[in-house]
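# Structural characterization, general
Residues per chain are reported as follows:
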Amino acid sequence: MRKYGLIIIAGICLAVLFFGHLHWKNISKAAWGEAREAAAKVKEKEKEERDALIQSLKPENNKQQPLIDYLHYKSLTQDKVIVSLVGSNGTSGTGASNTSKSWAGRLENSLHADRDDLETLRFINHGHDGYSTEDLLKGKKIDAVIQDDRR
C-alpha cells in the first residue's frame, strides 16, 4: 500500500510540474505579445514626435528661423549635411596649434558636443591664408565650395 501511495504522489508531482510548465509557457507568450505591442506603440509615438519636430523646424514654416534650427532640420531630413566654411587666415586655422583649435574646428566640436541631434553634419574647411573675399572669387576658390554639394 505504501508503494502505491508513493507512486500516486510521484504522479501528482509530475502532473503539477507538467501543467505548471504549460501555464508558465502561456504566461510567457502573453507577456511577449504585450511587450511587442508596447514596443510598437513606443516606436509609433517616437515617429510621430519626430515628424512633428520636423514640421516645426521646416524652413517654410519658420521664416525667421535661427541657423541652428535650420541645421537641425537638415540633419533630421538628410543622411548627411555639409557645412562649407569659406574665409582666409582665421578660417584656415593659421596660428592654431592644430585644426581642432581653429575657429572652424571649435565650431564643429561645439556643435557636435552640444547637440547630439546634429550628428550628420560634416564640415569642410575652405580657408585660404591671406585671401580677401575678392581673391576668393577671382581665384575661383568658391567653385570648390559649390562642388561640396556633390560629395
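The coordinates are above.
For clarity, every value in this text was computed on a predicted model and none was experimentally measured.

## Some details on the overall build of the chain
- Counting its regular elements, the chain contains six helices and two strands.
- When its C-alpha atoms are laid out on the principal axes, the chain stretches across 110 × 40 × 25 Å.
- Considering the chain as a whole, with its 151 residues, one finds that 19% of them fall into the buried category.
- Taking the intrachain contacts of the chain between residues at least 6 apart in sequence as the baseline, contacts between residues at least 24 apart amount to 56%.
- Carbon and sulfur atoms form 58% of the exposed surface of the chain, whose accessible area is close to 11,500 Å².
- Taking the 23 positively charged and 21 negatively charged side chains of the chain as two groups, their mean positions are separated by 9 Å.

## Comments concerning helix α1 (residues 2-57)
- Here α1 is 56 residues long and its end C-alpha atoms lie 81 Å apart, about the 82 Å a rise of 1.5 Å per residue gives.
- Of all the positions in α1, only G33, I54 and L57 are classed as buried.
- Looking at the buried residues of α1, the elements they touch are α2 (67-77).

## A word on the pairing of strand β1 (residues 81-87)
- Of the two faces of β1, the one holding V81, V83, L85 and G87 is buried and the one holding I82, S84 and V86 is not buried anywhere.
- Bridging between β1 and strand β2 (residues 121-127) involves seven bridges; their strand directions are parallel. Considered in β2, the bridge of I82 is made with R122.

## With respect to the packing of aromatic side chains
- By the definition in use, this model includes one aromatic pair.
- Note on F18 and F19: the rings are 5.3 Å apart at their centroids and 75° apart in plane angle, and the pair reads as edge-to-face.

Analysis parameters
- Residues numbered from 1 in each chain as written.
- Predicted model: local features only at pLDDT ≥ 70, side-chain atom pairs only at ≥ 80, totals over all residues.
- Heavy atoms only, no water.
- Helix = DSSP H or I, 4+ residues; strand = E, 2+ residues; numbered from the N terminus.
- Buried < 20%, exposed > 50% of the residue type's maximum accessible area, 1.4 Å probe, protein only.
- Contact = heavy atoms within 4.5 Å.
- Areas by Shrake-Rupley, 256 points an atom, 1.4 Å probe, with all protein chains shown as cover.
- Lys, Arg positive; Asp, Glu negative; His and termini not counted.
- Charge placed at Lys NZ, Arg CZ, Asp CG, Glu CD.
- Expected span 1.5 Å × (residues − 1).
- Pairing = 2+ DSSP bridges.
- Phe/Tyr/Trp six-rings, centres within 6.5 Å; stacked < 30°, edge-to-face > 60°.

Any link to function would need more than the numbers given here.
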